[in-house]
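These are the residues of each chain, in order.
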Amino acid sequence: MPTLTSYTHALTAPQAEKLQTLLEERGFEFMTKPYCLYAAAKAKVNVLVYEKGPKVLVQGKETEDFVTNLLEPEVLGEAKLGYEEVHHPEMFQPHIGVDESGKGDFFGPLVIAGVYVDPVVARRLRDIGAVDSKRIGSDERIAKIAFDIRNVRGLVWEVISIQPERYNELYEKFGNLNRLLAWGHAKVIENLLERVPDCPRAISDQFANPAVLQRAMQRRGQNIELVQRTKAESDPAVAAASILARETFVGWLKSQSQRLGIELPKGVSPIVKQNAAALVGKHGGEILQLLSKLHFRTAGEVLGRIALLAIILYIIGTEKNLMWNLVAPM
């Protein structure tokens, strides 16, 4: 099993205070970090305790040693690391995990992936380091783990990429994102059930009333148990699905950026709006239909700015012509 280099766990307020005291006693160097109650580092381990939760994030080559020898026995009061199968046996029973990528990104498709695991596959996913894709720091690492996931013997997977043009059509049809997500999740589950018809359960992150997903299921999925819960990415099947979805989404952005000669960034940052405006200026407003999610406010902002700029340029041009006509010799 690869060395653990990242670990997250929720804390109570008293636990956060106790951990701070223990770090001070052990000579950790404290520093200020955004959104953190405190952050500290020593040797090959960094500890960040976030205000929201609170929760602790441990990173570095000595993460596993820190968790097993300090955090669990002296703060959490129980041993969990390495005992996932004892504490959460349902994660190692046959089931499907589903997750998506691109939901909050202006550019790119909505990618939904599903993974079926049995006990052997679930343990193998844990061994290769399949964790929630948001905890993996680089696209290169995502690609490496995705490659390893697809090569796990006995694993069954499915990826559906809803391209922007199709996404915009479906969003207009369904009227909101939750119904569109339910349709996509149901389609992935149905496709997997074609290959593993006896699978008893499917799990995904909580994104809507579970009845919305249940109504979206077709014939094969009517009898499967659907579980939606927060932080579902702690499940090995959901974590693996999140990685496969992220790899596909990132790959699309990269290939389209190369084709267009301009970066299609993730998210909805100012650089996203800037590059979207540049694309519209070069190719016209129709380009956004093929590259982006039109219901995002970003689309209206970009097209509005372009239209305003065109009006300003028209006014300036008109004024210049008027002035020229006034001063030009008869």
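Right above here is the structure, for reference.
Residues numbered from 1 in each chain as written. Predicted model: local features only at pLDDT ≥ 70, side-chain atom pairs only at ≥ 80, totals over all residues. Heavy atoms only, no water.

### What about helix α4 (residues 119–127)?
- Along α4, the residues classified as buried are Val121, Ala122 and Leu125. The arc that holds the buried residues of α4, viewed along the axis, is 100°, so those residues lie on one side.
- Its side-chain oxygen at 3.2 Å from the backbone nitrogen of Val120, Asp118 defines the N-terminal cap of α4.
- Positive backbone phi, at 90°, marks Gly129, one or two positions downstream of α4. (Buried < 20%, exposed > 50% of the residue type's maximum accessible area, 1.4 Å probe, protein only. Helix = DSSP H or I, 4+ residues; strand = E, 2+ residues; numbered from the N terminus. Arc of directions from axis to C-beta. Polar contact = N/O pair within 3.5 Å; in protein donor to acceptor, adjacent residues only side chain to side chain.)

### Here's the deal with the sheet that holds strand β7 (residues 110–117)
- The sheet built from five strands is open, its strands ordered β8-β7-β6-β9-β10 with mixed pairing. Of all the strands in the sheet, just β8 (156–162) and β10 (225–229) have a single pairing partner and so form its edges. Pairwise comparison of adjacent strand axes, ignoring direction, gives a mean angle of 20° for this sheet.
- Pairing of strand β6 (residues 95–101) with strand β9 (residues 201–205) involves three bridges; the strand directions are parallel. (Pairing = 2+ DSSP bridges. Axes fitted to C-alpha atoms, helices over the stretch in contact; angles between N-to-C directions.)

### Concerning the environment of Glu158
- Take Glu158: it is sitting in strand β8.
- On the accessibility criterion, Glu158 (17% relative accessible area) is buried.
- C-alpha of Glu158 to C-alpha of Ile112: the two residues are 46 residues apart in sequence and 8.3 Å apart in space.
- Among the polar contacts listed, one links the side chain of Glu158 to the side chain of Asn191, at a separation of 2.9 Å.

In short, geometric facts, not functional conclusions.
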